[in-house]
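Residue-level structure breakdown
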Amino acid sequence: YRVAQRKWLAHAFVNAAFRVDVDPSTKTVTNARIALGNYAQGIKRSPSAEQALVGSKMDSATLQKVIQGIHKDFDDEFMSESQYKSIDNPKGKDEYRKTLPDSFIFKFFQEVQSVHGIKAWKE
């Protein structure tokens, strides 16, 4: 997952990569990897978020735990980027960049649920 000002030749606001193994019979996560780039210094994995996923079902409670794990692991290392600050926008895009991993993991959850036939959201 990647968000930048434009599709090509632009520095990403945040990059993310997710991978899970789901047991087809129990629909629980057996293995997980979560990594973020351009959020903290360099590309790093999120052990707290990975731990929240393993042994859990892909539902909204797990999603909230994973989001908390990502912020626990990365928020203290968040790197503000001055190139996005301007007179019109003195705060830059920091708040926006801090919420991108939440959106990425939500989208990933939906994709995994669709692939594995998991219906975890209320209609």
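A quick note: this is a predicted structure, and the numbers were derived from the prediction, not measured. Starting from 1, residues in each chain are numbered consecutively following that chain's sequence as written. Two thresholds apply to this predicted model, a pLDDT of at least 70 for residue-level local features and 80 or more for giving and counting side-chain atom pairs, whereas whole-chain, interface and lining totals are computed over all residues. Values shown for side chains rest on all heavy atoms present in the structure; no hydrogens or waters enter the calculation.

Some words on the sheet that holds strand β4 (residues 44-45)
Strand order in the open sheet made by the four strands is β1-β2-β3-β4, with antiparallel pairing throughout. Both edges of this open sheet fall to β1 (2-4) and β4, since each of them pairs with a single strand only. In this structure, strand β2 (residues 12-22) lies alongside strand β3 (residues 29-37), joined through eight bridges in antiparallel fashion. What sits directly across from Arg19, in β3, is Arg33. Whether two residues touch is decided by their heavy atoms; if any such pair falls within 4.5 Å, the residues are in contact. All axes are obtained by fitting lines to C-alpha atoms, using only the stretch in contact for helices, and the reported angles, taken between N-to-C directions, cover 0 to 180 degrees. A run of H or I in DSSP becomes a helix once it reaches four residues, and a run of E becomes a strand once it reaches two; helices and strands are each numbered from the N terminus. Contacts between helix α2 (residues 60-74) and the sheet are confined to β3 and β4, with β3 contributing the most and set at about 45 degrees to the helix. Set on the sheet, helix α3 (residues 94-116) makes contact with β1, β2 and β3; between it and β2 the angle comes to about 30 degrees. Two strands make a pair as long as DSSP finds a minimum of two bridges between them.

Concerning α2
In this analysis, the expected span of each helix is defined as 1.5 Å times one less than the number of residues it contains. For α2, which comprises 15 residues, the first-to-last C-alpha distance of 21 Å matches the rise-based estimate of 21 Å (1.5 Å per residue) to within 8%. Under the scheme applied here, a residue whose accessible area is under 20% of the maximum for its type counts as buried, over 50% as exposed, and between as partly exposed, the area being computed with a 1.4 Å probe on protein chains only. Within α2, the full set of buried residues consists of Thr62, Leu63, Val66, Ile67, Gly69, Ile70, His71, Asp73 and Phe74. Residues of α2 that are buried make contact with β3, β4, α1 (47-53) and α3.

Any functional reading would require information beyond the geometric quantities listed.
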